[in-house]
Amino acid sequence: TIENVSPEDVLIMRWHGLYLQRPLGSGKFMLRIKLPGGSITYAQAHTIADVADRFCGGFLNLTTRQDIQLHNLTLADLPTVFREFQSVGLHTMGACGDQVRNVVSCPVAGFDPNAILDTTATTAAVSDAFISNPAYVNLPRKFKIAVSACSQNCVPLEINCVSFKATLNTEGQPGFALWVGGGLSTQPRMASDLGVWIPVEEAV
C-alpha cells in the first residue's frame, strides 16, 4: 500500500520514471515515458493510448522534452503498465530524477531537405548509451542532451547541458558543433559553443 512506500522508495521510483503526485497522500503516480527524439512506433502509440484509456481517464500529456506523461496511476496499476510498455520497447528509466533525461532532437529529422545530416541514428545511440547504465542513475542534478540538424534550429540548444548542432567542417564533412552548460533551473545559463567539431561517430 501507499503507506508502506518509504522516502527511499520514492527516490528509487524516480529512477524508473515515477513521481508521487500531490497531494502526497493521494497514492497516485505520474509515469513519464522517454521517446528519444520524439520517435514512436504505431505499436507503442497504440499501447500508450490503451493504457491511458484504462488507467488514466483517457488523458495523457506531451512534454517539451518529447516525453509522454500518464497521471493518476496507482501502485496496483504499475506492474501491468510496466509489463505492457516493455513489451513494445518503451523506456521510463531516467525519465525523472537526477539522471540523463530524454535526448531531444528535431521532430523532422530525416525529412528536412535542408538539414546537413539525418540525426535520427545519433539521437538513438546517445540515448541508448545511458539507458540502464548504473554510472548515470544518481547524478548531482538532472542532465539534458539535445541533437539538432534542423535548418530552423527548432531544438533549443542553448538550454541543454550538452548539445550537438550539425555543421560542416572546413573540408565540408558533416559532423557536430559542441555546446555545453545550458539550463533553466535555479541558476539559468545559456550554453556556450566550445568552437570544436566532432565527427558523427564520436558523438556518443
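Preceding this section is the structure that the text describes.
Parameters at a glance
- Residues numbered from 1 in each chain as written.
- Predicted model: local features only at pLDDT ≥ 70, side-chain atom pairs only at ≥ 80, totals over all residues.
- Heavy atoms only, no water.
- Core = buried A, V, L, I, M, F, W, Y, C linked by side-chain atoms within 4.5 Å.
- Buried < 20%, exposed > 50% of the residue type's maximum accessible area, 1.4 Å probe, protein only.
- Helix = DSSP H or I, 4+ residues; strand = E, 2+ residues; numbered from the N terminus.
- Contact = heavy atoms within 4.5 Å.
- Arc of directions from axis to C-beta.
- Pairing = 2+ DSSP bridges.
- Axes fitted to C-alpha atoms, helices over the stretch in contact; angles between N-to-C directions.
- Salt bridge = Lys/Arg side-chain N within 4 Å of Asp/Glu carboxyl O.
- Lys, Arg positive; Asp, Glu negative; His and termini not counted.

Asks: I'd like to hear about the nonpolar core, residue by residue, with values.
Replies: Formed by 20 residues in total, the largest nonpolar core has its most connected members in Leu-18, Leu-31, Ile-33, Ile-48, Leu-70, Leu-73 and Phe-85. Counting only elements with at least two residues in this core, the list comes to α1 (7–15), β2 (29–33), α2 (42–55), β4 (68–73) and α3 (78–87). Take this core: its biggest share by element is 4 residues, from α3. If sequence neighbours within four positions are ignored, Leu-73 has contacts with Gly-27, Lys-28, Phe-29, Leu-31, Phe-55, Cys-56, Leu-78 and Val-81. Of all hydrophobic cores here, the second largest spans 15 residues; its members include Val-103, Ile-145, Leu-178 and Ala-203.

Asks: Lay out helix α4 (residues 120–130) in plain terms, naming residues and giving numbers.
Replies: Looking at α4, one finds that the buried residues are Thr-122, Thr-123, Val-126 and Ser-127. Summarising the axial view, the buried residues of α4 lie within an arc of 130°, below the 170-degree limit, and thus occupy one face. For α4, the exposed residues lying more than 90 degrees away from the buried face are Ala-121 and Asp-128. In the core, the buried residues of α4 are packed alongside β5 (104–105), β6 (145–148) and β8 (174–180). At the C-terminal side of α4, Ser-132 shows a positive phi close to 65°.

Asks: Give me the lowdown on the sheet that holds strand β3 (residues 61–62), citing residues and values where you can.
Replies: The sheet built from 4 strands is open, its strands ordered β1-β2-β4-β3 with antiparallel pairing. In this open sheet, the two edge strands, each paired with only one partner strand, are β1 (18–20) and β3. One ladder, built from 4 bridges, connects β2 with β4; its direction is antiparallel. What sits directly across from Ile-33, in β4, is Ile-68. Strands in contact with α3 are β1, β2 and β4; relative to β2, the strand with the most contacts, it is inclined by about 5°.

Asks: Now, about the pattern of salt bridges: what can you tell me, with residues and values included?
Replies: Inspection of every chain in the model, using the stated rule, returns 3 salt bridges. Between Glu-84 and Arg-54 there is a salt bridge whose closest N-O contact spans 2.9 Å. Separated by 30 residues along the polypeptide, Glu-84 in helix α3 and Arg-54 in helix α2 bring together distant segments of the chain. Of the charged contacts, one joins Asp-98 and Arg-141 as a salt bridge, the two residues approaching to 3.7 Å between their closest N and O atoms. In this pair, Asp-98 is assigned in the loop between α3 and β5 and Arg-141 in the loop between α4 and β6, connecting sequence segments 43 residues apart. By relative accessible area, Arg-141 is classed as partly exposed at 43%. Each of Asp-50, Arg-54 and Glu-84 takes part in salt bridges that share partners, so that together they form one network.

Asks: Report on the pairing of strand β7 (residues 162–168), specifying residues and quantitative values.
Replies: As paired strands, β6 and β7 are joined by 4 bridges and run parallel to one another. By the bridge assignment, Val-147 is partnered in β7 with Phe-164. Strand direction decides the pairing type here: β7 and β8, joined by 7 bridges, are antiparallel. For Leu-168, the partnering residue across the bridge sits in β8 and is Pro-174.

Asks: Before we move on, could you go through the sheet that holds β7 and cite the residues and values that matter?
Replies: What the 5 strands build is an open sheet, ordered β5-β6-β7-β8-β9; its pairing is mixed. Two strands bound the open sheet, and with one partner strand each, they are β5 and β9 (192–199). Two strands pair when backbone bridges link them, and β5 and β6 are joined in this way by 2 bridges, in the parallel orientation. When the bridges of β6 are listed, Val-104 appears paired with Ala-146. Set on the sheet, α4 makes contact with β5, β6 and β8; between it and β6 the angle comes to about 165°.

Asks: Outline the side chain of Asp-77, supporting the account with residue identities and numerical values.
Replies: Along the polypeptide, Asp-77 turns up in the loop between β4 and α3. The side chain of Asp-77 is buried and forms no salt bridge, while Lys-28, the nearest opposite charge, is found at 7.4 Å. Sequence-distant contacts of Asp-77, that is, excluding residues within four places in its chain, are made with Phe-55 and Asn-72.

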